[in-house]
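Structural overview for review
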Amino acid sequence: MWQNDGSGFFTNITEISNTGCGGYSRGANFADFDNDGDLDLFINRASAPKMLYLNIDEGIFVDYSQEAGIVESAGGFGCAVGDLDADGQIDIIAANSDFVRKQVYINQNANPTFLKVKVNGLSPNTLALGAIIELYGDVGPTMGRELIGKREISSHPSFYCVNDLVVHFGTGEHTELQVVVYFQSLAVKDTFGVVPGEMIILEEPFRTSADEPGLPLPRKHITLSAYPNPFNSSSIISVNGGDSEKYSLAIYDMLGRQVRSAEISNVSTRPITYTWDGKNDNGYAVPSGVYFVHVRAEKTSSELKITLLR
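Predicted model only: the values in this text are computed from it and were never measured. (Residues numbered from 1 in each chain as written. Predicted model: local features only at pLDDT ≥ 70, side-chain atom pairs only at ≥ 80, totals over all residues. Heavy atoms only, no water.)

The subject of this paragraph is the overall build of the chain. Helix and strand content of the chain: two helices and 23 strands. For 310 residues, the compact-globule formula gives about 19 Å, and the C-alpha radius of gyration of the chain, at 21 Å, lands near that figure. Considered along the principal axes of its C-alpha atoms, the chain spans approximately 60 × 50 × 35 Å. Across the chain, the fraction of contacts at a sequence separation of at least 24, relative to all contacts at a separation of at least 6, is 48%. For the chain, the computed accessible surface area is about 16700 Å², with 54% contributed by carbon and sulfur atoms. Side chains of the chain give 23 positive and 38 negative charges; the mean places of these two sets differ by 10 Å. (Helix = DSSP H or I, 4+ residues; strand = E, 2+ residues; numbered from the N terminus. Rg over C-alpha atoms; globule rule 2.2 N^0.38 Å. Contact = heavy atoms within 4.5 Å. Areas by Shrake-Rupley, 256 points an atom, 1.4 Å probe, with all protein chains shown as cover. Lys, Arg positive; Asp, Glu negative; His and termini not counted. Charge placed at Lys NZ, Arg CZ, Asp CG, Glu CD.)

The structure is reproduced here in structure tokens:
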């Protein structure tokens, strides 16, 4: 277990978090299985029993496998999570190798403190992949709101699996909620007065925050885009969001080797752009292939996949 300090540096907290179960594992998934507001962990081990860890105190986990009835020891492979029976509790599908049947674990928790958020995006990203969803709870008239959860809609959260794209939050003791969605298009959807125990459906706005100067950009986040993509001679990489004076840009190949690096100044015009000519830091043309653009500010970062065709 590695803890991100918020700027891209990690600390090994395996022992502190009590997650060092060992064994040969292939799949793992984080979800709030007990709806208390923090993320728990399911591990699909291949050569040892599967494990369910409950997060009991800000990143301290306890093995709850036996109590939860997760005792099978099969050739664990990938695993996916979602609310299979629509009761507000996260269930588990554990796939296995070596012709062993998969397991389906139906969560028997009856805690109604949950919120499900279905996000619909605009074409071509109708699944709203990459959208960031923040959930806030009301903590009193004088204390304002509290960030109680953050999720990203992802198509590949774990090994060989796709989770339910309906985003699930445990809400704990909060009774009034606010949901903010940051779309890849830079559109922002802000919804107030949400209560636990329901599913809400949010649509991506047609008019984005970039189109309307009166609406604030999601300053805590960076979003990247590139045009053209795929490209032949050069591609213009656009950076939106963030409020740092400078951004660090790095481009990596499929083997994780850095081929290009640059510092981008945060000028007054939006978006900030950087043109990559398909060459490395030494001025030599790199071969055709898929490359990853990584941009980092002080406490946030974003990554974009682009394709070079010679």
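Don't stop here, the text continues.
Moving on, we come to the confidence of the model for the chain. With 91% of its residues at a pLDDT of 70 or more, the chain shows a mean pLDDT of 86. Ranking the elements of the chain by mean pLDDT puts strand β17 (residues 222–227) last, at 83, and strand β13 (residues 167–170) first, at 96. Within the model, the stretch residues 208–219 combines pLDDT values under 50 with 24 contacts to residues more than four positions away or in other chains. (pLDDT = per-residue confidence, 0-100.)

Tracing the chain through its elements places Met199 in strand β16 (residues 198–203). Along the chain, Met199 and His168 lie 31 residues apart, while their C-alpha atoms are 8.9 Å from each other. Non-local contacts of Met199, meaning those with residues more than four positions away in its chain, are made with Lys116 and Val166.

Here the focus is the nonpolar core. It is characteristic of soluble globular proteins that their nonpolar side chains tend to be buried jointly. In terms of nonpolar packing, the biggest core is built from 23 residues, with Leu249, Trp276 and Val293 touching the most fellow members. Breaking this core down by element, the ones donating at least two residues are β17, β18 (235–241), β19 (246–252), β20 (258–265), β21 (272–276), β22 (289–296) and β23 (301–308). Not counting chain neighbours up to four residues away, the residues in contact with Trp276 comprise Phe231, Ser233, Ser234, Ser235, Ile237, Ile251, Val259, Arg260, Val286, Tyr291 and Ile306. Judged by nonpolar contacts, the second largest core, of 19 residues, contains Ala131, Leu177, Val181 and Ala187. (Core = buried A, V, L, I, M, F, W, Y, C linked by side-chain atoms within 4.5 Å. Buried < 20%, exposed > 50% of the residue type's maximum accessible area, 1.4 Å probe, protein only.)

A separate point is the side chain of Asn55. Topologically, Asn55 is positioned in strand β5 (residues 51–55). Its relative accessible area of 7% is what places Asn55 among the buried residues. There is a polar contact of 3.1 Å between the side chain of Asn55 and the backbone oxygen of Leu39. Within the structure, the side chain of Asn55 is placed 3.0 Å from the backbone nitrogen of Gly59, a separation counted as a polar contact. For Asn55, the contacting residues outside a window of four places in its chain are Asp36, Asp38, Leu39, Asp40, Ile60 and Phe61. (Polar contact = N/O pair within 3.5 Å; in protein donor to acceptor, adjacent residues only side chain to side chain.)

Taken in spatial order, the three strands line up as β7-β8-β9 in an open sheet, and their pairing is antiparallel. A strand with exactly one partner marks an edge of an open sheet, and here the two such strands are β7 (76–82) and β9 (103–105). Looking at each pair of strands side by side, their axes are set apart by 15° on average, direction ignored. Alignment of β7 against strand β8 (residues 91–96), held across five bridges, turns out to be antiparallel. Pairing of Gly76 across the sheet is with Asn96, part of β8. (Pairing = 2+ DSSP bridges. Axes fitted to C-alpha atoms, helices over the stretch in contact; angles between N-to-C directions.)

Moving on, we come to the pairing of β13. Looking along a regular strand, one sees side chains alternate from face to face of the sheet. Here β13 shows no split at all, with Val167 and Phe169 on one side and His168 and Gly170 on the other all buried. Two strands pair when backbone bridges link them, and strand β10 (residues 114–120) and β13 are joined in this way by four bridges, in the antiparallel orientation. Residue Val117 lies in a different strand from β13, and its bridge partner there is Val167.

A complete count under the given rule lists five salt bridges for this structure. Residue Lys150 is joined to Glu134 by a salt bridge in which the shortest nitrogen-to-oxygen separation is 3.6 Å. Here Glu134 lies in strand β11 (residues 132–138) and Lys150 lies in strand β12 (residues 145–152), a separation of 16 residues in the sequence. Residue class for Glu134 comes out buried when judged on its relative accessible area of 1%. One connected set of salt bridges, linked through shared partners, spans Arg260, Asp277 and Asp281. (Salt bridge = Lys/Arg side-chain N within 4 Å of Asp/Glu carboxyl O.)

Once that is clear, we can look at the packing of aromatic side chains. Remark: the centre distance and the inter-plane angle together describe each pair of aromatic rings, the angle taken between the planes. By the definition in use, this model includes seven aromatic pairs. Look at Phe159 and Tyr160: their rings are 4.5 Å apart centre to centre, the planes differ by 70°, and that puts the pair in the edge-to-face class. Residue classification places Phe159 among the partly exposed positions, given a relative accessible area of 32%. On the basis of relative accessibility, which here comes to 65%, the residue Tyr160 falls in the exposed class. Through successive ring pairs, a cluster of aromatic residues spans Phe77, Phe159 and Tyr160. (Phe/Tyr/Trp six-rings, centres within 6.5 Å; stacked < 30°, edge-to-face > 60°.)

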